Amino acid sequence: MLVCSSAMAIASPSQSPPQSHLRLSLALPILLRCRAAVFRPPSWRLSARPRLSASSHLNPFNTPNNPSETPYELQHELPPPPRRRGSPVYVALPVDAVSGSGEIKRRKAMVYSMRALATAGVEGVVMEVWWGLVERERPLEYEWREYLEIVALARSFGLKVRAVMAFHQRGVQGDRVWIPLPQWVRQEMDDEPDLAYSDRFGRRSTEYVSLGCDILPVLKGRSPIQAYSDFMRNFRDTFKDFLGVTITGIQVGMGPAGELRYPSCPSQKLTWSWRFRELGEFQCYDKYMLASLNACAREMGMREWGNGGPLGAWNLMQNHEETEFFRSGGSWNTPYGRFFLEWYSEMLLLHGERLCMEAVTIFQCSGVGISAKLAGLHWHYGTESHPCELTAGYYNTSIRDGYLPIARMFRRYGINMCCTCLEMLDEEEKRTNPLSSPEGLLRQIMLAANKFRLPLEGENSAARFNDESLNQVLKMSKFYSGGHDGLLFSFNFMRMGQSLFDFHNWARFTQFVRQMQDDNNLAATRDFGRAELRTFSCGAEKVGSMYVYT
């Protein structure tokens, strides 16, 4: 492990850090084995673990009271275990459900849509709670009124709510939907540009505050971690009557798009057709990140390694085999490459650990499950170096599993894992990008979650209603939860909009919801025929064309 607590506290690379702040062991293997002890939170924080859900007896972290319930060999004489309910489906609300002016948009459409979702058997909705809207004008001044209305509306229809603590920016200025960071945070970034991530070309990203200053009082006297914690604590106090009853899940945003990653590529580009060409850029050039890198390089006795990221990474659109760093046999697998990638990924892991610790402390005993989301960066999964994963902070290559450390950290704090791209097929992606493998990446993430017995939340990367995509979600959900000791799995459909309530799409979606909830249906039904269209058309008709989202 190449992250020392001292390096995170250095304010500027222009000043030589005191020697007392540079305690880093040179024995890297020992540090890696001892990581859990170094970052384990105080015992009082772990003494009261949060209930992950109302049905805590299904929590795979719990040890069964009856030893016979632990399947260690096939017992033909014993009756099969009782069937449990299948995988529940949640639907994400429109990203602009609450407008920039702080009011619910298309209120009547929201009412009719939630009624239709409840009729279809959907478990609940996913509600993004934007930091930039709630704490918009001044620090510690929160406005929750519109979100309270949405939660009350969901409760009136018997729907549960998963609330996403969205500490990131959505879109860019000029987009149809642009939700920036709070105005006072943007002002601080204007005054101190190094609060934003920067690549080697000096391009700044305002999607998320740089994790390099996580614990420094750079936001009006508070650190970013303190600001996130205060936000979550105020949410808990405001919504205390709903927690554990209507609000059953909290997803903690940990980076751009709410995902635990660096903004190596602008989030809006990840949906573009030519995205597979993006290698990404290392985000380590703000002064706080450089100070940490410099301190760790000094402790390793290699000062020349602390001046910035790899020089051979070239540019975003380069063929990876034409780069010195990412090519097969490139410098990513040299002592320098391993040093840099270890430091870069450990900084991200430490950021996630700090947020996990705060979330567990704030929401303990509230009856909600806590989750965090990983990105689905599959475009170079078929290469040795996995460039787009490396630049995003996932030290995952053909010879190293970069998702096991993240799953281990989530397990330590009782955090559920959320992953995306469940609807994507290798066969389809490889037509335009032979190096891509969304299925391979997803299986690796699922195996990491399975190893540490983590409940999993799946998501689709785009709203697609064709049979192949819906059946792929069913297949991957059964891959994770369909075994004898199946783990808890749920699915967040992204997202509510006009296309969802189209007559044919709605019929397929409601049939999909039924199949997800049916434990006995281990194979997806490929025939969404006219009979199903007639059966489920009533829900779509209730929405009506004048109320649907546009």
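The rules behind each value
- Residues numbered from 1 in each chain as written.
- Predicted model: local features only at pLDDT ≥ 70, side-chain atom pairs only at ≥ 80, totals over all residues.
- Heavy atoms only, no water.
- Pairing = 2+ DSSP bridges.
- Helix = DSSP H or I, 4+ residues; strand = E, 2+ residues; numbered from the N terminus.
- Axes fitted to C-alpha atoms, helices over the stretch in contact; angles between N-to-C directions.
- UniProt positions renumbered as here; feature names shortened; annotations may be inferred.
- Buried < 20%, exposed > 50% of the residue type's maximum accessible area, 1.4 Å probe, protein only.
- Contact = heavy atoms within 4.5 Å.
- Core = buried A, V, L, I, M, F, W, Y, C linked by side-chain atoms within 4.5 Å.
- Phe/Tyr/Trp six-rings, centres within 6.5 Å; stacked < 30°, edge-to-face > 60°.
- Lys NZ or Arg CZ within 6 Å of the ring centre and 35° of its normal.
- Expected span 1.5 Å × (residues − 1).
- Parallel < 35°, antiparallel > 145°, perpendicular 65-115°, else oblique.
- Left-handed = near helix turned anticlockwise from the far one by under 90°.
- Salt bridge = Lys/Arg side-chain N within 4 Å of Asp/Glu carboxyl O.

**What about the sheet that holds strand E6 (residues 247-252)?**
Working step 1: Taken in spatial order, the eight strands of this closed barrel run E1-E2-E3-E6-E7-E8-E9-E10, and their pairing is parallel. Along the sheet, successive strands turn relative to each other by an average axial angle of 30°, direction set aside.
Working step 2: As defined by bridge partners, strand E1 (residues 89-92) adjoins strand E10 (residues 489-493) across three bridges and the pair is classed as parallel. Residue pairing in the sheet places valine 91 in a bridge with phenylalanine 493 of E10.

**With respect to the UniProt feature "active site" (unreviewed entry) in the protein**
Working step 1: The sites that carry the UniProt feature "active site" (unreviewed entry) are, in the present numbering, Glu259 and Glu459. Across 201 residues, the annotated set stays spatially compact, with a maximum C-alpha separation of 12.4 Å.
Working step 2: When you line up the elements, glutamate 259 lands in the loop between E6 and helix H10 (287-299).
Working step 3: Since its relative accessible area comes to 8%, glutamate 259 is described here as buried.
Working step 4: Setting aside chain neighbours within four positions, we find glutamate 259 in contact with Met254, Lys373, Leu374 and Ala375.

**Description of the nonpolar core**
Note on soluble globular proteins: their nonpolar side chains tend to be buried together.
Working step 1: Residues Phe235, Phe410 and Phe509 are the most contacted members of the largest nonpolar core, which totals 143 residues.
Working step 2: For this core, the leading source of residues is helix H11 (residues 335-363), giving 16 residues.
Working step 3: Those residues in contact with phenylalanine 410 that sit more than four places away from it in its chain are Leu260, Cys356, Ala372, Leu374, Ile415, Asn416, Met417 and Leu454.
Working step 4: Counting five residues, the second-largest nonpolar core is a separate cluster that includes Tyr90, Ala92, Val126 and Val164.

**Regarding the side chain of aspartate 96**
Working step 1: Tracing the backbone shows aspartate 96 in the loop between E1 and helix H5 (107-120).
Working step 2: For aspartate 96, the contacting residues outside a window of four places in its chain are Lys105, Arg106, Arg176 and Val177.

**Some thoughts on the packing of aromatic side chains**
Working step 1: Per the stated rule, a full pass over the model turns up 34 aromatic pairs.
Working step 2: Judged by centre distance (5.2 Å) and plane angle (85°), the ring pair of phenylalanine 325 and phenylalanine 326 falls under edge-to-face. Here the two residues phenylalanine 325 and phenylalanine 326 agree in accessibility, since each one is buried.
Working step 3: Just above the ring of tyrosine 90 sits the side chain of arginine 162; from NZ or CZ to the centre is 3.9 Å.
Working step 4: It is lysine 451 that lies over the ring of phenylalanine 452; its NZ or CZ is 6.0 Å from the centre.

**Overview of H10**
Quick reminder: α-helices carry 3.6 residues per turn. Residues three or four places apart thus point the same way.
Working step 1: Spanning 13 residues, H10 covers 18 Å between terminal C-alpha atoms, matching the ideal 18 Å at 1.5 Å per step.
Working step 2: The buried count for H10 comes to eleven of 13 residues, which makes it a mostly enclosed element.
Working step 3: Note on H10: the residue one or two positions beyond its end, glycine 301, has a positive phi of about 75°.

**Considerations on unusual backbone geometry**
Working step 1: Residues methionine 494 and arginine 495 are joined by a peptide bond in cis, for which omega reads -5°.
Working step 2: Relative to the assigned elements, arginine 495 resides in the loop between E10 and helix H17 (503-517).
Working step 3: Backbone geometry at leucine 140 places phi at a positive 70°, although glycine is not the residue there.
Working step 4: Tracing the sequence through the fold places leucine 140 in the loop between helix H6 (131-134) and helix H7 (145-156).

**Things to note about the pairing of strand E3 (residues 160-166)**
Residues in a regular strand point their side chains to alternate faces of the sheet.
Working step 1: Burial runs high along E3: six of the seven residues are buried.
Working step 2: In this structure, strand E2 (residues 124-130) lies alongside E3, joined through seven bridges in parallel fashion. Counterpart to valine 126 in the pairing with E3 is arginine 162.
Working step 3: Examined bridge by bridge, E3 and E6 share five bridges and lie parallel to one another. Of the residues in E6, the one forming a bridge with alanine 163 is isoleucine 250.

**With respect to the packing of helix H9 (residues 224-238) against H11**
Working step 1: Between H9 and H11, whose axes approach to 10 Å, the crossing angle comes to 25°. Taken together, the axes of H9 and H11 are roughly parallel relative to one another. For the pair H9 and H11, the sense of crossing is right-handed. Of H11, the residues touching H9 (which contributes Ile225, Tyr228, Ser229, Met232, Arg233, Phe235 and Arg236) are His351, Arg354, Leu355, Glu358, Ala359, Ile362 and Phe363.

**Digging into the environment of alanine 297**
Working step 1: When you line up the elements, alanine 297 lands in helix H10.
Working step 2: Of the residues examined, alanine 297 reaches a relative accessible area of 0% and is grouped as buried.
Working step 3: Residues alanine 297 and phenylalanine 340, spaced 43 residues apart in sequence, show a C-alpha to C-alpha distance of 8.9 Å.
Working step 4: Ignoring any residue separated from it by four or fewer positions in sequence, one finds alanine 297 in contact with Met302, Arg303, Trp305, Gly306 and Phe339.

**Quick look at the side chain of serine 210**
Working step 1: Within the secondary structure layout, serine 210 lies in the loop between strand E5 (204-209) and H9.
Working step 2: The residues touching serine 210, leaving out its near neighbours within four places in the chain, are Asp194, Leu195, Ala196, Tyr197, Asp286 and Met289.

**What about the pattern of salt bridges?**
Working step 1: Applying the stated criterion across every chain yields a total of 29 salt bridges.
Working step 2: Put simply, aspartate 96 and lysine 105 hold a salt bridge, and the shortest N to O gap is 3.1 Å.
Working step 3: Accessibility expressed as a relative area gives 6% for aspartate 96, which makes it buried.
Working step 4: Note on lysine 105: relative accessible area 28%, which makes it partly exposed.
Working step 5: Between arginine 107 and glutamate 149 there is a salt bridge, with the nearest N and O atoms lying 2.4 Å from each other. With arginine 107 in helix H5 and glutamate 149 in helix H7, the pair connects residues that are 42 residues apart, well separated along the chain.
Working step 6: Members of the salt-bridge network, linked through shared partners, are Asp96, Lys105, Arg106 and Arg176.

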